[in-house]
Amino acid sequence: MSNDSEAPKNNASGSDNNLDSTSRSVFTWNDTLKILAQQASVYGVAAGYCISASLLSIINKWAVMEFPYPGALTALQYLTSVLGVLLCGWLKLVEHDSLNLKTMWRFLPAAFMFYVSIFTNSELLLHANVDTFIVFRSVVPIFVAVGETLFLEQPWPSLKTWASLATIFGGSVLYVLTDYQFTVTAYAWAAAYLVSMSIDFVYIKHVVMTIGLNTWGLVLYNNLEALLLFPLELLVMGELNQMKSAVSDGTNRFSIGVVLPVALSCLFGLSISFFGFSCRRAISATGFTVLGIVNKLLTVVINLMIWDKHSTFVGTVGLLICMLGGVLYQQSTTKPKKAETEAKAKAAVTDDEEQQRLLELQATAEKDSAAKHAMAVNPK
C-alpha cells in the first residue's frame, strides 16, 4: 500500500520537475529572442542612418544637377519632412509637440536661419563638388565654438579642443589651395553656407535650451516654418521666373531622370532625421560619433567611385585631415564616462552625508525635547 501510495507522488514530483524545466527553457528562449530582437533593431537603425547620411549629399548633388532650383528642392524636402512627422505622430510612432501660434512666432528666427542654411547648402552643391561641401561642413565647429563662448556664456574651448580645431583649419586650407575647380561663385556660396550654418547651430542650441520643445517637435516646427518661407525665396531669388522660362522652352521637369533624384532627396532627408534621432536613443554618444566618421568616409569613397566631380589627391588628403580634426574635436568635447560616474558618486556621498547630519540633528532635538518634558513632569 505504501509503495502504491508513494508512486503517484513520485510521478507528480517528476511531472512538476518536467514542467519547471520546460518553463525555464521557454523563459530562456524568450529572453534570448528579445535580446536578439533588440540587437537587430539597434543594428538596423545604425545601418539605416549610415546609408541615409552617406548617400544624402551625393543624392542632393544629383538632384540639384537635374532640377537646378535649390529653393524649390529645399521646399519639397521640408514638405516631405512635415508630412512624415505628422503621419508618424498620427500612427503613434513618434511623439511631437502640438502646433500653436505663440510657439511658432518664438521659433520663427530659428526656422529662418535653418531655411537659409539649407538653401545655401543646395546652392553650394549646385556650384561646387561634394568634397568642397564636406570640407566647409567640417569647418563649422570652429565658428560654433567661438559663438557659444560669446553668445551662450560657455567657457572657452580647452587646449585639446583648440588643437583639433587647428587640425580642421589646416586641412581646409590645404584643400582650398589645391582645389582646381575653384570659382568665385562656388566659394561665395560656401562662405554663405559656413556663416549661416554657424549661426543656425548656435541659435538652435539657444532655442532648444529655452523654448521647451521635444525632438520631433523641433523637427516639425523647423520644417513647417521653413516651408512657409518658400514663397518669399521664390520672389527674392527669381526661381519662379526661371521655372516659367523652363516651361516655355519646353523643358520636361517631370521626366523620370528628374523625378527620381528629387524624390530620393526628399525621402533621404526624412530618413536621416528618423534614423539619426533613433540612433541617438539606441547607442552611446561615442558610438554615434563613430557612425558619423564612417558616414563621411563612405561619402568620400562613393563620390570617388561614381563620377569625376571630386578633388585632386592632395585635396582629398586635406579633406581627410579635416575629418581627422573632426574626430579629435568630438573626443575633446565629450565628457569621459569615468568622470561622470565619479561626479555622480561624489554627489551621492554628499547627499548621504547631508541626510546623516539631518538625522543626527533630528535625534538631538528629540532628546532635548524629551529631557525638557521629563524636567517639566518631575522638577526634582
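Residues numbered from 1 in each chain as written. Predicted model: local features only at pLDDT ≥ 70, side-chain atom pairs only at ≥ 80, totals over all residues. Heavy atoms only, no water.

Draft legend 1. Inspection of the overall build of the chain at higher detail. Within the chain, the regular secondary structure consists of 13 helices and zero strands. Helices (α) and strands (β) of the chain occur, in sequence order from the N terminus, as α-α-α-α-α-α-α-α-α-α-α-α-α. Among the 380 residues that make up the chain, the fraction classed as buried is 38%. Intrachain contacts of the chain at a sequence separation of at least 6 include 87% that bridge at least 24 residues. When the accessible surface of the chain is summed, it comes to about 22,500 Å², and 67% of that surface belongs to carbon and sulfur atoms. (Helix = DSSP H or I, 4+ residues; strand = E, 2+ residues; numbered from the N terminus. Buried < 20%, exposed > 50% of the residue type's maximum accessible area, 1.4 Å probe, protein only. Contact = heavy atoms within 4.5 Å. Areas by Shrake-Rupley, 256 points an atom, 1.4 Å probe, with all protein chains shown as cover.)

Draft legend 2. Geometry of the packing of aromatic side chains. Counted by the stated rule, this structure contains nine aromatic pairs. Ring centres of Phe133 and Tyr193 lie 5.6 Å apart, and the angle between their planes is 50°; on these two criteria the pair is classed as tilted. Placement of Phe133 in helix H4 (residues 130-151) and of Tyr193 in helix H6 (residues 184-211) is noted, with a sequence separation of 60 residues between them. For the residue pair Phe133 and Tyr193, the accessibility class agrees, reading buried in each case. Within the aromatic cluster, the residues linked to one another by ring pairs are Tyr78, Phe114 and Tyr115. (Phe/Tyr/Trp six-rings, centres within 6.5 Å; stacked < 30°, edge-to-face > 60°.)

Draft legend 3. Structural detail: the environment of Val184. You can see Val184 is positioned in helix H6. The exposed category is assigned to Val184, whose relative accessible area is 66%. As for Val184 and His127, which are separated by 57 residues in sequence, their C-alpha atoms are 9.8 Å apart.

Draft legend 4. Looking closely at the confidence of the model for the chain. Taken as a whole, the chain shows an average pLDDT of 74; of its residues, 73% reach a score of 70 or greater. Per-element averaging of pLDDT across the chain places helix H13 (residues 337-377) at the bottom with 46 and helix H2 (residues 70-90) at the top with 88. (pLDDT = per-residue confidence, 0-100.)

Draft legend 5. View of H2. An ideal rise of 1.5 Å per residue puts 30 Å on 21 residues; H2 measures up with 30 Å between its terminal C-alpha atoms. After H2 finishes, the residue Lys92 shows a positive phi value of roughly 65°. (Expected span 1.5 Å × (residues − 1).)

Draft legend 6. The arrangement of the environment of Thr185 in detail. Here Thr185 shows up in helix H6. As a C-alpha pair, Thr185 and Glu123 span 62 residues in sequence and 9.6 Å in three-dimensional space.

Draft legend 7. Representation of unusual backbone geometry within the structure. Residues other than glycine seldom take positive phi values, yet Lys92 does so here, at roughly 65°. Along the chain, Lys92 falls in the loop between H2 and helix H3 (101-127).

Draft legend 8. Fine view of the packing of H2 against helix H7 (residues 215-228). Orientation of H2 relative to H7, taken along the N-to-C sense of each, is 140°, at an axis distance of 9 Å. Here H7 runs oblique to H2, going by the angle between their axes. Like other packed secondary-structure pairs, H2 and H7 cross with a definite hand, here left-handed. Contacts between H2 and H7 pair Ala75, Tyr78, Leu79, Ser81, Val82, Val85 and Leu86 from the former with Trp216, Val219, Leu220, Asn223, Leu224, Ala226 and Leu227 from the latter. Of the residues belonging to the contact of H2 with H7, the class tally is 12 nonpolar, two polar and no charged. (Axes fitted to C-alpha atoms, helices over the stretch in contact; angles between N-to-C directions. Parallel < 35°, antiparallel > 145°, perpendicular 65-115°, else oblique. Left-handed = near helix turned anticlockwise from the far one by under 90°. Nonpolar A, V, L, I, M, F, W, Y, C, P; charged D, E, K, R; others polar.)

Draft legend 9. Structural view of a nonpolar patch on the surface. A cluster of nonpolar residues, Leu87, Trp90, Leu91 and Leu93, forms a patch on the protein surface that exposes about 500 Å² of accessible area. With respect to the element layout, Trp90 can be found in helix H2. Note on Trp90: relative accessible area 68%, which makes it exposed. (Patch = residues over 30% accessible without salt bridge, like charges linked within 9 Å, V, L, I, M, F, W, Y side chains within 5 Å. Salt bridge = Lys/Arg side-chain N within 4 Å of Asp/Glu carboxyl O.)

Draft legend 10. Region of the structure containing the nonpolar core. The biggest cluster of nonpolar side chains holds 51 residues, and the ones touching the most others in it are Phe67, Tyr78 and Tyr115. Counting residues per element, this core draws most heavily on H4, which supplies 10 residues. Val85, Ala110, Ile204 and Leu213 belong to the second largest nonpolar core, which has 17 residues in total. (Core = buried A, V, L, I, M, F, W, Y, C linked by side-chain atoms within 4.5 Å.)

Draft legend 11. Summary view of the environment of Ala128. You can see Ala128 is positioned in the loop between H3 and H4. Overall, Ala128 belongs to the buried group, its relative accessible area being 9%. Residues Ala128 and Thr183 lie 55 residues apart in sequence; the distance between their C-alpha atoms is 8.3 Å. Sequence-distant contacts of Ala128, defined by excluding residues within four places in its chain, comprise Lys61 and Ala186.

Draft legend 12. Focus on the packing of H2 against H3. Between H2 and H3, the least distance of the axes is 9 Å, while the angle of their chain directions is 125°. Between H2 and H3, the angle is such that the two are oblique. You can see that H2 and H3 cross each other, and the crossing is right-handed. Mapping the contact onto sequence places Pro70, Gly71, Thr74, Gln77 and Tyr78 in H2 and Phe114, Tyr115, Ile118, Phe119, Ser122, Glu123 and Leu126 in H3. Broken down by class, the residue content of the contact of H2 with H3 amounts to seven nonpolar, four polar and one charged.

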